[in-house]
Amino acid sequence: MSLAARWTAPRALALAWLLVVLAIAAHQWSFWRAPALDTDVFALLPQDEQLPAAQLAMQRLAEQGERRVVVALGAADWASAQAAAQRFDAYLATQQVGLRATPTAQGMDQALAFFRPWRDALLTDAQRQQLSGSTPDAWLGRALGRLHGVAGAQPTSWLEDPAGLWPDWWSQRAQLTAARPRDGGLWVHDGGRDWAVLLYETEGSAFRLDGERRWSDALDQAGAAARAGASAADAQALEILQAGVPLHAEAGAAQGSREMNTIGWGSLLAVVLLVWWTFRAVRPVALIAVSLLVGCAAALSVTLLVFGRVHVLTLVFGASLVGVAEDFGIHYFASRLAAPKTERWALMKHLLPGLFLAMVTSVLGYLVLAVVPFPGLRQMALFSAVGMAAAMLTAVCWFPFLDRGPLPGSRLASWIAASLQRWPRLSARQLGSVLAVFTLFCAGGLYRVHVSDDLRQLQSSPAELVRAQIALGRLLQIPSPAQFFVLHGESPEALLQREEALKAALAPQLAQFNTQGERIGLSAISDWVPSAARQADNRRLTASIEAPLLQQLGRQLGEDLQRPAFAAEPLALAQWLQSPVSQGMRAQWLGQVGDDYVSVVLIRGLSQRAQGQALQAAGEQVPGVRWVDRAADVSSLLGRFRSVIGWLLVLGHAVVWVALALRYGRSAWRAWIPTVLASMACVAVQGWLGEPFQLFNLLALMLLLGVGVDYGIFLLEHQGDEQGHAWLAVLMGALSTGLSFGLLALSATPALHAYGLTLLVGLVTVCVLAPFFRLQGKAAPA
């Protein structure tokens, strides 16, 4: 082949990659003008394939509350709480931050007007029992008392409800929330304090991403204004709770932006300094930076094309890619120092098998993340794998073409390359002693390891915000969106009857909870729209008492008292769903899902797992009812995948061993054993630090297998004088990679922290151990 022919292929390769990079650049320009980024932690979680209705319910409940912000101001008395709330609201109204107050007192009259035609069909369970076992005479005194105004204000006229049944029905509906209308606002009394409750909605999506705490800061400032206008004693006693999905989303976006900048820019700065310090030239710095930039851009574009959106945690995780993907460029330039007179394309051809094997093992390590059906992990796996491949292609296609002129190097590079000769090789006896000490260290750590599959390892919201959310949920008796019953029925009427059967089945258990002082209740569609059968029976019961009761009172009063006519048809579910009065409950009606109609019954006041288990045992006795505990389900899923990934890690080591053996034969163990020992050290360190061992530690160990083996590969690929410069590339790669994942270990998200800490410990250990097992005086395989 002629020289001209040899140059044709590399130039064509470089040009082809340039066209791909230009297409990526165009896509990036379009994306960053309106970035489609997720901050919702539930977007990281898997879909419930066994029960799509549960997934749909989670989505509906999340959508219902995704713009709602709730603030409660607690004081020693109602007047102080109300005054603080007015100052809070007035200050917030001046800030123009996109929080709009929600009217709270206009709905009651509207609800009374809507339900009034069906008053005779709306009874509580207690009223049904009373009416079934009583006669009109038993209700005579109550009716007279109501007629003479003893019972106070009533929601309807005496003639429409002579026995006074409707106020009790409304009283039971009011128990769905602890907040009560008072003086034009909402009021809650928790036994020791009076609380004023304010409701707001965000203008625009709660999941925007700009890294600013606009809403949270405005609420904090409004809280300060509320305190500033109070007396010193009232200001000290004033307690403010604020919660809502937008605040969690905003906190996640701000934290993600902060960590992405810290990790991404910190990693990039570290790589730039290391490269400059080693090679003393701008060219390696610029070219390696280009390879990292192309790698990150390609990773983001491909992730967007596959998933449509990208989660902010994927970007935080992907920022650590900077510390891994630079290995290809560093290895190339370290080899240039070792062989300055070698033609560049020939040098890249010589390096290509090792670079390709290193890239494949690293990509395999990342792609194991994709085995787990977590959308977030699959995004991270694809992002990292594509980034690694793109960075390597950039180095292979462009570096020999753009790298012109001599490379001066530095004393530091020469010193590091020469230091390998002073790195001892262990004799069999020395190796046995070192392994004995190492085994004792690992045994002690492994004994202390404890496993955790808690869902909260994915949660990164500030602890103060989480505490406020829990406290506000208990104060207002807000149902949990993560624990509920899903009910199926062949028709809307059958489904409403099933809800009524479920409530009857749970009633004894709820009564037992209440006797123990636990305020646990249910929230169901049938609370507002009873089944047609139940409405007909209620009408029969009310008519059997009220009609003769009015006749008897009429005779006593000397008047002709006639029971007014109510709606001829029962209250239909469709009527209620179309009315504004159903706005707060619509998320619990999922409509037709497949062949069935589906609804959700929520639980208020759950505080212990045992309570949920007791309700589950009682509720699932009803056909067509399933208990959903999203947190427990996901934690169980994390546990199952931890087990699966553990076996995949073993399989991965076997596959890597085979790949190494095919190239290095009996010397393959020298590239493999440092990663094995480092993996054991990582688990032991988790135990010594007292941190839980979880799925994300195993995922990090899988990546450690891919990256750590690279160091052994680089040392085996080069012998003689080249081995010193291979050691230079290994040490620089390990430093930059370790620093990148060390910064990831600083993440406030427990999963990312565990991932980063494991890789930091593992990479340092591999870097220290790999030279002990290097080969000497033997040519590398061709």
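What you are looking at is a predicted structure, and each value in this text was computed from that prediction instead of being measured.

**Q** What's the story with the packing of helix H20 (residues 492-515) against helix H23 (residues 609-619) in this structure? I'm lost.
**A** In helix packing, the relevant descriptors are the interaxial angle and the interaxial distance, both defined with respect to the helix axes. Their axes nearest at 9 Å, the elements H20 and H23 cross at an angle of 150°. For the element pair H20 and H23, the recorded crossing hand is right-handed. Residue-level contacts link Leu 502, Ala 505, Leu 506, Gln 509, Leu 510 and Phe 513 of H20 to Gln 611, Ala 614, Leu 615, Ala 618 and Gly 619 of H23. Of the residues in the contact of H20 with H23, the class split is eight nonpolar, three polar and no charged.

**Q** In this structure, what is going on with the packing of helix H5 (residues 125-132) against helix H21 (residues 532-557)? I would like to understand it.
**A** Viewed as axis vectors pointing N to C, H5 and H21 meet at an angle of 45°, and their least axial separation amounts to 10 Å. The orientation of H5 with respect to H21, classified from their angle, is oblique. Seen along the crossing, H5 lies across H21 with a hand that is left-handed. Across the interface between the two elements, Asp 125, Arg 128, Leu 131 and Ser 132 of H5 pack against Arg 534, Asp 537, Asn 538, Leu 541, Thr 542 and Ile 545 of H21. Class assignment of the residues belonging to the contact of H5 with H21 gives a composition of three nonpolar, three polar and four charged.

**Q** When you look at a nonpolar patch on the surface in this model, what are you seeing that I'm missing?
**A** A grouping of Leu 15, Leu 18, Leu 19 and Leu 22 is seen on the molecular surface, where their side chains present a nonpolar patch of about 380 Å² in accessible area. Overall, the relative accessible area of 49% leaves Leu 15 in the partly exposed class.

**Q** Got a minute to help me understand the packing of aromatic side chains in this structure?
**A** In the structure shown here, the tally under the stated rule is 17 aromatic pairs. The interplanar angle of 35° and the centroid separation of 5.7 Å between the aromatic rings of Phe 115 and Trp 528 together place this pair among those described as tilted. Here Phe 115, found in helix H4 (residues 107-115), pairs with Trp 528, found in the loop between strand E10 (521-523) and H21; they are 413 residues apart in sequence, far enough to count as distant. A single burial state applies to Phe 115 and to Trp 528, both of which are buried. Ring geometry for Trp 170 versus Trp 528: centroids 6.1 Å apart, planes at 65°, classification edge-to-face.

**Q** Just to check I follow, could you spell out the side chain of Arg 604 for this structure?
**A** With respect to the element layout, Arg 604 can be found in strand E12 (residues 596-604). One buried charge, Arg 604, has no salt-bridge partner; the nearest side chain with opposite charge is Asp 527, at 6.0 Å.

Definitions and limits used
Within each chain, residues carry numbers counting from 1 in the order of the written sequence. Residues qualify for local features only when their pLDDT is at least 70, as the model is predicted, and side-chain atom pairs are given and counted only at 80 or more; totals for whole chains, interfaces and linings, by contrast, use all residues. Side-chain metrics rest on all non-hydrogen atoms present in the structure, leaving aside hydrogens and water. Every axis corresponds to a line fitted to the C-alpha atoms, with the helix fit spanning only the stretch in contact, and the corresponding angles, defined between N-to-C directions, vary from 0 to 180 degrees. Only runs of H or I of at least four residues qualify as helices and only runs of E of at least two qualify as strands under DSSP, and these elements are numbered from the N terminus. Left-handed describes a crossing whose near helix is turned anticlockwise from the far helix by less than a right angle; the clockwise case is right-handed. Throughout, a contact is declared for two residues whenever any of their heavy atoms are within 4.5 Å. Put simply, Ala, Val, Leu, Ile, Met, Phe, Trp, Tyr, Cys and Pro go in the nonpolar bin, Asp, Glu, Lys and Arg in the charged bin, and everything else, Gly too, in the polar bin. Should an angle lie under 35 degrees it is considered roughly parallel, over 145 roughly antiparallel, and from 65 to 115 roughly perpendicular; all remaining angles are considered oblique. For patch building, the residue pool is restricted to those with more than 30% relative accessible area and no salt bridge; the joining distance is 9 Å between like charges and 5 Å between nonpolar side chains (Val, Leu, Ile, Met, Phe, Trp, Tyr). Residue-level accessible areas treat just the shown protein chains as cover; the underlying method is Shrake-Rupley with a 1.4 Å probe. We count a salt bridge whenever a side-chain nitrogen from Lys or Arg sits within 4 Å of a carboxyl oxygen from Asp or Glu. Burial status follows relative accessibility: with a 1.4 Å probe on protein chains alone, a residue under 20% of its type maximum counts as buried, one over 50% as exposed, and anything between as partly exposed. Side-chain rings of Phe, Tyr and Trp (the six-membered ring for Trp) are treated as a pair once their centres are within 6.5 Å; stacked means planes under 30 degrees apart, edge-to-face means over 60, and tilted covers the remaining angles. Charged-residue counts in this description rest on Lys and Arg as positive and Asp and Glu as negative, His and the chain ends being excluded.

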